[in-house]
Amino acid sequence: MRPLQKEIMEALNVKPSINPKEEIRKRIDFLKQYVTKAHAKGFVLGLSLGQDSTLAGKLAQLAIDELNEEKGGGYRFIGVRLPHGEQKDQEDESLVLDFIQPKELFTFNIEATTTAFQNTFNDNSLGVTLSDFHKGNTKARLRMVAQYALAGELNLLVIGTDHAAEAITGFFTKFGDGAADLLPLTGLSKRQGKALLQELNCPRRLYEKAPTADLLEDKPLQADETELGLTYSDIDDYLEGKEVSDTVAQKLEHRYLTTKHKRELPASMFDSWWA
Ligand SMILES: Nc1ncnc2c1ncn2[C@@H]1O[C@H](COP(=O)(O)OP(=O)(O)OC[C@H]2O[C@@H]([n+]3cccc(C(=O)O)c3)[C@H](O)[C@@H]2O)[C@@H](O)[C@H]1O
Ligand SMILES: Nc1ncnc2c1ncn2[C@@H]1O[C@H](COP(=O)(O)OP(=O)(O)OP(=O)(O)O)[C@@H](O)[C@H]1O
Ligand SMILES: [Mg+2]
């Protein structure tokens, strides 16, 4: 194994193989212990209809159900729908909700806020225009704002869906979907997350769906693999300690090293990680 590969596996807490049943149990327990310790009343989580939030949402609802049973009620999980206009894969919503069974839903369509933001931003003396790419990151950050407003009002915690395949590539918006209070999927490769969904009897259509950030108007539902120029299968192989081509390894290691700032707290002169 490449020396940096081993270092990355350790830093991101990835295991070469997992027992899905055990992982589900440990992650539900983590959610229950954390919310209790934080004296919060439960969780909010953006449900995009993609794989990661479908898994995190299922774990969250199961954790809340157990807590309510054990402690006589008072805990809640609110699934948050945050479409931008009409979502292209909206048809999957009922499948996701049937699977997670969230007792409460909150919907905030971010289109009007995003458009207002873009108009105000573009009205500047620098001549800077918001590109489709940075408008995409703005959407991810507005979704964060909506979730934190709701969490703040109701004493809930924001669940994030970051996992090892996103962490190694830095494939998330800094302080957008990268911002959260707790992360139940840490350490999982994309295929390990899929194995957890299978163990939870998730409909095949949902765990076989092509992962997409779906942030661009120019390229709706663009597959993550297209933007990354890497397949999740290759990313997962590397993360699980398997052999990959030199091209894949070099590409991943370059992304890992250049996105370190996204996995740390903001740099100060008292830190050494950036030097
Ligand atoms: N060395 C450094 N030290 C400290 N900060 C540094 C820095 N270099 C850049 N920065 C800062 O970071 C910013 C760039 O980071 P960021 O704003 O995140 O932007 P960036 O990484 O350029 O874009 C986000 C990427 O994540 C993808 N994404 C987003 C959301 C969800 C998903 C998904 O998987 O579904 C994927 C998206 O498609 C895009 O490729 C810079 O504008 C700068 O402010
Ligand atoms: N339209 C949306 N509605 C609600 N939440 C969203 C939406 N788009 C993104 N999010 C939030 O941002 C997170 C990051 O998106 P990301 O695409 O990485 O994950 P995913 O959609 O759950 O899974 P996949 O990677 O398989 O597409 C989501 O897990 C979800 O919490
Ligand atoms: Mg997605």
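Residues numbered from 1 in each chain as written. Chains lettered and ligands numbered in written order. Predicted model: local features only at pLDDT ≥ 70, side-chain atom pairs only at ≥ 80, totals over all residues.

### Focus: the overall build of the protein chain
Definition in use: In this text, helices come from DSSP runs of H or I with a minimum length of four residues, and strands from runs of E with a minimum of two, each type numbered from the N-terminal end. The globule rule used here is 2.2 Å times the number of residues to the 0.38 power, and the radius of gyration it is set against is calculated over C-alpha atoms. Here a residue counts as buried when 20 or more other C-beta atoms sit within 10 Å of its C-beta, as exposed when there are 12 or fewer, and as partly exposed otherwise, the C-beta atoms being derived from the backbone.
Along the protein chain, the regular secondary structure elements total 12 helices and 4 strands. Radius of gyration (C-alpha) of the protein chain: 19 Å, near the 19 Å computed for a compact globule of 275 residues. Along the longest, intermediate and shortest principal axes, the C-alpha atoms of the protein chain span 50 × 50 × 45 Å. Residue burial in the protein chain is summarised as follows: out of 275 residues, 37% are buried.

### Some remarks on the site of ligand 2
As a reminder of what qualifies: To decide nearness, the C-beta atom of each residue is placed from the backbone, and the residue is near a molecule or strand if that atom lies within 6 Å of it. Lys, Arg, Asp and Glu make up the charged group, whereas Ala, Val, Leu, Ile, Met, Phe, Trp, Tyr, Cys and Pro make up the nonpolar group; the residues left over, Gly among them, are polar.
Neighbouring ligand 2 are 19 residues; Gly 46, Ser 48, Gly 50, Ser 53 and Pro 211 lie closest to it. Broken down by secondary-structure element, the contributors of at least two residues to the shell around ligand 2 are strand 1 (42–46), helix 3 (51–71) and strand 2 (76–81). Among the elements that take part in the shell around ligand 2, helix 3 stands out by supplying 3 residues, more than any other. For the shell around ligand 2, a count of residues per class yields 7 nonpolar, 8 polar and 4 charged.

### Quick word on the site of ligand 1
Not every one of the 14 residues close to ligand 1 is listed here, only the nearest: Ala 140, Thr 173, Lys 174, Ala 213 and His 261. When contributions to the shell around ligand 1 are tallied by element, the ones reaching two or more residues are helix 6 (132–154) and helix 10 (224–228). Split by residue class, the shell around ligand 1 holds 5 nonpolar, 4 polar and 5 charged.

### Side note on the nonpolar core
Worth spelling out the cut-off: Only buried residues count toward a nonpolar core: Ala, Val, Leu, Ile, Met, Phe, Trp, Tyr and Cys, linked into one set through C-beta atoms within 7 Å. Working definition of a contact: two residues with C-beta atoms, positioned from the backbone, lying within 7 Å.
Ranked by internal contacts, the top residues of the largest apolar core, which has 51 residues, are Phe 43, Leu 59, Ala 60 and Ile 168. Here this core takes 8 residues from helix 3, the largest share from any one element. Setting aside chain neighbours within four positions, we find Leu 59 in contact with Ile 24, Arg 27, Ile 28, Leu 31 and Pro 184.

### Considering the UniProt feature "binding site: Mg(2+)" (unreviewed entry) in the protein chain
The line we're drawing: UniProt positions are given in the numbering used here, feature names are shortened, and annotations may be inferred rather than shown by experiment.
Look at the UniProt record and you will see "binding site: Mg(2+)" (unreviewed entry) annotated at Asp 52 and Glu 166. Spanning 115 residues, the named residues nonetheless gather at one spot, since no C-alpha pair among them exceeds 10.5 Å. Relative to the helices and strands, Asp 52 is located in helix 3. Not counting the four nearest positions on each side in its chain, Asp 52 is found in contact with Thr 161, His 163, Leu 185 and Gly 193. By the element assignment, Glu 166 lies in helix 7 (residues 164–169). Beyond its immediate stretch of four places on either side in the chain, Glu 166 contacts Phe 171 and Phe 172.

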